Amino acid sequence: MDKTTNTQPRYNGIEGQRLAILHRLTKGPATVEQLSTDCNAPDPRARVHELRCDGHRIETQMIDRTNPDGSVNRVGLYVLSVTDNRQCELNFNQ
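One structure accompanies this document, and this report is about it. (Residues numbered from 1 in each chain as written. Predicted model: local features only at pLDDT ≥ 70, side-chain atom pairs only at ≥ 80, totals over all residues. Heavy atoms only, no water.)

1. Description of helix α3 (residues 44–53)
No. 1: Of all the positions in α3, only Pro44, Arg47, Val48 and Leu51 are classed as buried. Within α3, the buried residues cover an arc of 100° as seen down the axis, which keeps them to one side. Exposed residues on α3 whose side chains face more than 90 degrees from its buried face are Arg45 and Cys53.
No. 2: On its buried face, α3 sits against α1 (14–26), α2 (32–39), β2 (58–66) and β3 (72–80).
No. 3: Within two residues after α3, Gly55 carries a phi angle of roughly 100°, on the positive side. (Buried < 20%, exposed > 50% of the residue type's maximum accessible area, 1.4 Å probe, protein only. Helix = DSSP H or I, 4+ residues; strand = E, 2+ residues; numbered from the N terminus. Arc of directions from axis to C-beta. Contact = heavy atoms within 4.5 Å.)

Here you go:
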């Protein structure tokens, strides 16, 4: 309990992380770093795996990312293949 406001902290559970990631991916592709930041998911790779197991078509595309020192890293970009965004919105708003 937060002593200054006497309210219970909002727990960011696994299901909430999955829904946030699914909702974020409906807006466009994202890297692990972006999903971690945008969705408050400490390990978005695990959540993406779980979403895939639930039947969501999420593909990984490898892209090159240039670092400030000029070196290049290959990172995964998650892309959601959706035929109808409305189902994702229904799940997220529950």
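From this point, things continue past the structure.
2. Concerning the packing of α2 against α3
No. 1: Where α2 contacts α3, the axes come no closer than 9 Å and their chain directions differ by 95°. On the basis of the axis angle, α2 is roughly perpendicular to α3. The segment α2 lies against α3, with Val32, Leu35 and Ser36 engaging Pro44, Arg45 and Val48.
No. 2: Across the contact of α2 with α3, the residue classes tally to four nonpolar, one polar and one charged. (Axes fitted to C-alpha atoms, helices over the stretch in contact; angles between N-to-C directions. Parallel < 35°, antiparallel > 145°, perpendicular 65-115°, else oblique. Nonpolar A, V, L, I, M, F, W, Y, C, P; charged D, E, K, R; others polar.)

3. A look at the sheet that holds β3
In any sheet, the strands associate via hydrogen bonds between backbone groups, in a parallel or an antiparallel arrangement.
No. 1: Strands sit in the order β1-β3-β2 across an open sheet of three strands; the sheet is antiparallel. Every interior strand has two partners, whereas the edge strands, β1 (30–31) and β2, have only one.
No. 2: Each of β1, β2 and β3 touches α1; the most contacted strand, β3, lies at about 95° to it.
No. 3: Along the sheet face, α3 touches β2 and β3 and points at about 150° away from the line of β2. (Pairing = 2+ DSSP bridges.)

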